[in-house]
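Notes for the structure review
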Amino acid sequence: MISEADYAEVSRKEEALWLLESLAPGTPVNNRSAAFTVAGELDPDRLAAALAVVLGRHDALRSVYRADGMRLVKRVLSPGEFTLGEAPYDAGTPFEFNGGPMLRTALAGDTFHVTAHELVLDGLSAGVFLEEIAAAYSHEALAPVAALVELPPRTPSLEFWRTRLAGATVDGSELKCAAPEPDRPTLAAAQVSRALPEHVVTGVRRLGSDLGVPESAILLAGYYALLAAHGADPDLVLGSPVDVRPAESARAIGYHVNYVPLRVRIDRAESVRDLILRSADTLRTAVAHADVPVDAYPDLLPRPRSARRTTPFRYAFEVLPGTGRAEFPIGGMQARRVEVEPGFSKFDLDLRVTVTGTAAEVRAVYRSELFDAADATLLIARYEAVLASFASGPGVLVGDVPVWSPRDREVIDAANNTDRPVQPGSVLHAVQDRVTGQPGAVAVIDGDQRVSYRQLWNAAHHLASLIRAAGVEPGDVVAVALPRSAELAAAVLGAWLAGAAYLPIDAAHPEERIRYQLADSGAKILLATADLARYAADDRTVLTPPPVTDVPDPATSAAPPVDPAACAYLIYTSGSTGRPKGTLVSHGALANLIAHFTGELAATAADTMLWLTTFAFDISGLELFVPLASGGSLVPAPDSARSDGRVLRDLVLRHDVRFVQATPTTWRLVIDRAGESLRGRTVLAGGEIVPVWLAQRLAAAGAAFHHVYGPTETTIWSTSRIVTDTSGARLDVGAPIANTQVFVVDEHGDDLPIGVRGELCIAGVGVAIGYHNRPELTAQRFGEHPRYGRFYRTGDVARWRADGVLDLFGRSDRQVKLRGNRIELGEIEATLLAHPQVGAAAVVMIGDPSADAVLIGCLEAAASTLDLDSVRSHARAQLSRSMLPGDLVTVEAMPINGSGKVDYPALERLVAERRAQAVSAPLELSGAGLDDELTGRLTTLWGTILQREDITADTNFFESGGNSMLAAWALQELQNLSGVSLGLGEIFEQPTPRGLATRVQDLLTAPAGR
């Protein structure tokens, strides 16, 4: 019987490894496995005898550990005491710290397996273990080996690391191609490998010789450049294993590897040569001070803020010489080491390079919760591209090093191969062609009125003459504030016939906004209904157009030539300063958009399209011009059709409408009652995030669904996708439309490859002329790409998918930083919207980001039911802990601004008022909702530690701002309160006051010995 007195304290290094494992309970993240296979048959008894010999030689293999709350102790058993037991072999089962063996072996056919905890067998020991098993099996004499006891770190080494790591952090180093950290990580891992071409290996070796540095320095510098190019913080800290065995103990088995931090700040403006030299110095000095297990000294390198981070390093790096014995003899047979898949990893990405002669293999062990195999494969392909660039041009600046793989170029180039002819070059001439070819066909169905193409064209010419008579000259602006009708369509065409651009005005907007647009645009004439005559001014005429059926035939029916570069319309959208900004869109841009969608929709003269969207919203232009340019019919809809599904359904059925376009907000309001009328028709949705459930409803209704995306500044829509699969977690927005190129850039403006999130930019024919009278803003938002030409910076976060379509993640200007974590609010909104009960979602941050700020998810129900607990569970399964909203609240309807989008400032005020009222209410620590005194005291403790006043018995510690360091504090206080010591993993399993109190009560009332 082994008593507690037989156990000794473990080293700081051992304790640190155990504590890190306790942050991921139930995962075999510290298991180390090795195997060899034999060309023959092994004798089990002889193998058991060989194993006993090896176990007897190494104290580490006979070490057992016991965990007691926050304390770990160990004992080295004598060979006579130690037995492996009869437990079945399983490499994927974690070892328990209960005094049992930390080693398992098995013979399966012709293969011998061993799995051990890293505390007794590190990665470098595994090869020695297998070789000694083979030698003992062969009855070879083994040289004596003494147990290795590592000396305490030297004071100069501690001071070195304290200086080198001052201010370092691993927060903010997540890659922009990685998925969010899951709420309960399994640390599951996989690996991919790639052989580097001989010319790359030779080039790296030659460069090392030229610079006088080891190859490992060049390989490390390439890894730094790769990570930085994928969004990691430029102040990078990698972990690299260093064997700390002295030469005389080189074959000692045990835990004798220290991960040293390799900290380098990436400077894009320095040369590759300088980065390599600094990397070489970092490697050299780190190895010289490797006697410090830095992860055992929390004061040297701050722990990550994430409560579930299992190591202070996200990324690891190792260069392995290809000198290990892949084959060796055993009992007269030949044995060969078998590569064992890791299965789990403490690191997000662990890059290992094995160099043998002129050959080198790159192996990437990656957490499969964060990356998929395609991501990892592309990463190491890009690593090869970086190394090839290094070898061919060490004088190149780090910021100019190419990181794209051939596959990246192939996919993205194919997506952007969109050049198409556009004829005619203006929408005006497209309509004229229809007037000439089918003058009697119905152009507009307005109630009971049928307006032919000839009537519409005549009315347009009549208005053009009135516009010119009012002093409007080519290039001027004509404001139009008419309801959707044949008269509005004629007004737009009339403005073009007069050589002017039109300005859409929504008469429902506030008068101050309308007057600003009229004044800022310099419009000389306003075509409007009689009730808007008050907008007349000394330099502006208000003209009410006559009915289209009451105008004479024009003297000429020909349209004047149109310059594709001239302005077709000026449209105002909300500006970040609160002052609307006007965007100038050319005739060529609009003609391209209409030609593309006429083709994509296969619109013909037999089709009808609903004119549903308010005219001051640019997408209304597609509804107006596609039918007129294709010879079809246009059906203006009343405003009520955007909110009453019955009205929309009746219009669709009465006029056999084929095409209906609406924003997701409109579709959400009308789908229940209008859905049955959509079968066999084509619908478009865009302008906001389209939740998956809405796409599924549209598809289920039997409609062909086109998911479209585009900002006003690139002419209505720039990408499109016909959605046939709605089973995914999010919808992509398709690929570029005709004569459009899209690209994703990082904060430096560099093009990003597949899978890497950045700002979406759009180039091509559809790019607007610029902002009206806003040269500074135009220069800020528009740019010149060396390959694609003029482009617009959308401010939207996106990434390329591997099939050449785009994912959107919300607005980059809605990125916030909360407790050190960069968070895209739009990504959280998209996740919440994916829940089938959520009709609309908006996320706001309330409070001081550096202190008490919290994310609040505001939800509008899709129907009558909205289960907040279900939404929370859905969010926890999809989002990292740092991105989880601290609270979810329901609203009857989202506040909407003048552009028909969520009014975030109004929402923030609403939420802040609600929270202020809640905080001002007294906090009840007893009575309903609290089970016992301990629950109440833990609730108070939660509030003290988290500095919050809204704590309840069911508040999740980590969802309310807690992290692993605060959790340790909480457990210490719990021990003071109850006398019960719990492991750190317990608070992850029971993160609420009520749950943790119940756990303590169970332990206190459990039968002895349970």
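What counts and how
Residues numbered from 1 in each chain as written. Predicted model: local features only at pLDDT ≥ 70, side-chain atom pairs only at ≥ 80, totals over all residues. Heavy atoms only, no water. Helix = DSSP H or I, 4+ residues; strand = E, 2+ residues; numbered from the N terminus. Buried < 20%, exposed > 50% of the residue type's maximum accessible area, 1.4 Å probe, protein only. Areas by Shrake-Rupley, 256 points an atom, 1.4 Å probe, with all protein chains shown as cover. Core = buried A, V, L, I, M, F, W, Y, C linked by side-chain atoms within 4.5 Å. Contact = heavy atoms within 4.5 Å. Salt bridge = Lys/Arg side-chain N within 4 Å of Asp/Glu carboxyl O. Axes fitted to C-alpha atoms, helices over the stretch in contact; angles between N-to-C directions. Parallel < 35°, antiparallel > 145°, perpendicular 65-115°, else oblique. Left-handed = near helix turned anticlockwise from the far one by under 90°. Phe/Tyr/Trp six-rings, centres within 6.5 Å; stacked < 30°, edge-to-face > 60°. Lys NZ or Arg CZ within 6 Å of the ring centre and 35° of its normal. Pairing = 2+ DSSP bridges. Nonpolar A, V, L, I, M, F, W, Y, C, P; charged D, E, K, R; others polar. Expected span 1.5 Å × (residues − 1). Arc of directions from axis to C-beta. pLDDT = per-residue confidence, 0-100.

Remarks on the overall build of the protein
When you go through the protein residue by residue, the secondary structure sums to 26 helices and 40 strands. Its C-alpha atoms put the protein at 115 × 75 × 50 Å along the principal axes. Within the protein, the proportion of its 1010 residues that are buried is 56%. Accessible surface, the protein: about 40,300 Å² in total, of which carbon and sulfur atoms supply 51%.

Regarding the nonpolar core
If you look at the biggest cluster of nonpolar residues, it comprises 94 residues, and the most contacted ones within it are Trp-161, Tyr-223, Leu-227, Leu-238, Ile-276, Tyr-383 and Phe-390. It is helix α6 (residues 215–229) that provides the largest number of residues to this core, a total of ten residues. Those residues within four positions of Tyr-223 in sequence are excluded, and the remaining contacts are Leu-238, Tyr-315, Ala-316, Phe-317, Leu-349, Asp-350, Leu-351 and Tyr-383. Of all hydrophobic cores here, the second largest spans 74 residues; its members include Val-478, Ala-489, Ala-491 and Ile-737.

Considering the pattern of salt bridges
In total, this model carries 52 salt bridges according to the counting rule given. In this structure, Glu-369 and Arg-367 form a salt bridge, with 2.9 Å as the shortest nitrogen-oxygen distance. Here Arg-721 and Asp-732 are joined by a salt bridge, their closest N and O atoms 3.5 Å apart. Linking Arg-721 in strand β28 (residues 719–723) with Asp-732 in the loop between β28 and β29 (735–736), this pair joins segments that are eleven residues apart in sequence. One network of salt bridges, with partners in common, ties together Glu-174, Glu-181, Arg-314, Asp-348, Arg-367 and Glu-369.

What about the side chain of Gln-517?
If you trace the backbone, Gln-517 turns up in helix α13 (residues 511–521). Take Gln-517: its relative accessible area is 4%, and that puts it in the buried class. Beyond its immediate chain neighbours, meaning those up to four positions away, Gln-517 contacts Leu-503, Pro-504, Ile-505, His-509 and Tyr-572.

Some details on the packing of helix α11 (residues 453–469) against helix α12 (residues 486–497)
The N-to-C vectors of α11 and α12 enclose an angle of 55°; their axes lie 7 Å apart at closest approach. With respect to each other, α11 and α12 are oriented oblique. Read as a crossing pair, α11 and α12 show a hand that is right-handed. Here Leu-456, Trp-457, Ala-459, Ala-460, His-461, Leu-463, Ala-464, Ile-467 and Arg-468 of α11 lie close against α12, whose contacting residues are Ala-486, Glu-487, Ala-489, Ala-490, Ala-491, Leu-493, Gly-494, Ala-495 and Leu-497.

Some words on the side chain of Thr-682
Within the secondary structure, Thr-682 sits in strand β26 (residues 682–685). The class of Thr-682 is buried, set by a relative accessible area of 8%. Not counting chain neighbours up to four residues away, the residues in contact with Thr-682 comprise Leu-601, Arg-658, Phe-659, Val-660, Ala-704 and His-706.

Notes on the packing of aromatic side chains
The full count for this structure, using the stated rule, is 16 aromatic pairs. Consider the rings of Phe-36 and Phe-112, whose centres lie 5.4 Å apart with planes at 40°: the pair is tilted. One end of the pair, Phe-36, is in strand β2 (residues 31–38); the other, Phe-112, is in strand β6 (residues 111–117), and 76 residues separate them in sequence. With centroids separated by 5.1 Å and ring planes inclined at 75°, the aromatic side chains of Trp-942 and Phe-957 adopt a geometry described as edge-to-face. Separated by 15 residues along the polypeptide, Trp-942 in helix α23 (residues 933–946) and Phe-957 in the loop between α23 and α24 (964–978) bring together distant segments of the chain. Here Trp-942 and Phe-957 have matching classes, each one buried. Ring pairing ties together the aromatic residues Trp-496, Tyr-502, Tyr-569, Trp-611, Phe-615 and Phe-625, which thus form one cluster. If you follow Arg-12 out to its NZ or CZ, it ends over the ring of Tyr-297, 3.8 Å from the centre.

Observations concerning unusual backbone geometry
With omega at -5°, the peptide bond leading from Gln-423 into Pro-424 counts as cis. With respect to the element layout, Pro-424 can be found in the loop between α9 (406–415) and α10 (427–437). Positioned with a positive phi, Thr-715 is a non-glycine residue whose angle comes to about 70°. When you line up the elements, Thr-715 lands in the loop between β27 (704–709) and β28.

Here we look at the sheet that holds strand β11 (residues 327–330)
Taking strand neighbours across the sheet as the criterion, the five strands line up as β5-β6-β2-β12-β11 in an open arrangement whose pairing is antiparallel. Whereas interior strands pair on both sides, the edge strands pair on one side only; in this sheet they are β5 (103–108) and β11. Across the sheet, the mean angle from the axis of one strand to that of its neighbour is 25°, orientation sign disregarded. Against the sheet, helix α3 (residues 123–137) engages β2, β6, β11 and β12 (333–338), with an angle of about 35° to β2.

Some details on the environment of Pro-153
Residue position: Pro-153 is located in the loop between α3 and α4 (155–164). Taking the C-alpha atoms as reference points, Pro-153 and Pro-293, 140 residues apart in sequence, are found 8.0 Å from one another. Excluding residues that lie within four positions of it along the chain, Pro-153 makes contacts with Leu-158, Asp-291, Val-292, Pro-293 and Tyr-297.

A few points about the sheet that holds strand β3 (residues 63–68)
The strand order across the open sheet formed by three strands is β1-β4-β3, and the pairing between neighbours is antiparallel. The open sheet has two edge strands with one neighbour each: β1 (8–9) and β3. Sheet analysis places β3 next to strand β4 (residues 71–76), joined by six bridges and oriented antiparallel. If you follow Ser-63 over to β4, its bridge partner there is Val-76.

A few points about the pairing of strand β39 (residues 854–861)
Successive residues of a regular strand alternate their side chains across the two faces of the sheet. The element β39 is extensively covered by neighbouring structure, given that seven of its eight residues are classed as buried. Bridging between strand β38 (residues 838–846) and β39 involves eight bridges; their strand directions are antiparallel. For Ala-841, the partnering residue across the bridge sits in β39 and is Leu-859. Pairing of β39 with strand β40 (residues 887–890), which is carried by four bridges, proceeds in the parallel orientation. Across the sheet, the residue bridging to Gly-857 is Leu-888, located in β40.

Things to note about the pairing of strand β31 (residues 758–764)
In terms of residue burial, β31 counts as a mostly covered element, since six of its seven residues are buried. For strand β30 (residues 740–745) and β31, the ladder comprises six bridges, and the chain directions are antiparallel. Considered in β31, the bridge of Gln-741 is made with Ala-763. As judged from the five bridges shared by β31 and strand β34 (residues 789–800), these two strands associate in the antiparallel manner. Across the sheet, residue Cys-761 finds its bridge partner in β34, namely Arg-793.

Looking at the packing of α10 against helix α15 (residues 620–630)
Direction vectors running N to C along α10 and α15 enclose 40°, while the axes themselves pass 7 Å from each other. When the interaxial angle is binned, α10 and α15 end up oblique. Contact residues: Val-427, Ala-430, Val-431 and Arg-434 in α10; Phe-625, Leu-628, Ala-629 and Ser-630 in α15. Of the residues in the contact of α10 with α15, the class split is six nonpolar, one polar and one charged.

Digging into α11
Counting along an α-helix, one turn takes 3.6 residues, and residues three or four places apart therefore face a common direction. Over its 17 residues, α11 runs 24 Å from end to end, which matches the ideal 24 Å to within 8%, given 1.5 Å per residue. What α11 keeps buried is the set Tyr-453, Leu-456, Trp-457, Asn-458, Ala-459, Ala-460, His-461, Leu-463, Ala-464 and Ile-467. Once α11 ends, the next one or two residues include Gly-471, with phi positive near 95°.

Quick word on α4
Buried within α4 are the following residues: Ser-157, Leu-158, Phe-160 and Trp-161. Within α4, the buried residues cover an arc of 160° as seen down the axis, which keeps them to one side. For α4, exposure combined with an orientation more than 90 degrees from the buried face picks out Thr-155, Pro-156 and Thr-163. In this structure, the buried residues of α4 make contact with β9 (257–265) and α7 (272–288).

Section: the environment of Glu-339
Considering the arrangement of structural elements, one finds Glu-339 in the loop between β12 and β13 (349–356). Measuring from C-alpha to C-alpha, the distance between Glu-339 and Pro-439 comes to 77 Å, with 100 residues separating the pair along the chain. For Glu-339, the residues in contact, after removing those within four places along its chain, are Gln-191 and Arg-363.

As for the confidence of the model for the protein
Looking at the protein, the pLDDT average stands at 89 and 92% of residues meet or exceed 70. In the model, residues 918–931 has pLDDT below 50 throughout and makes 16 contacts with residues more than four positions away in sequence or in other chains.

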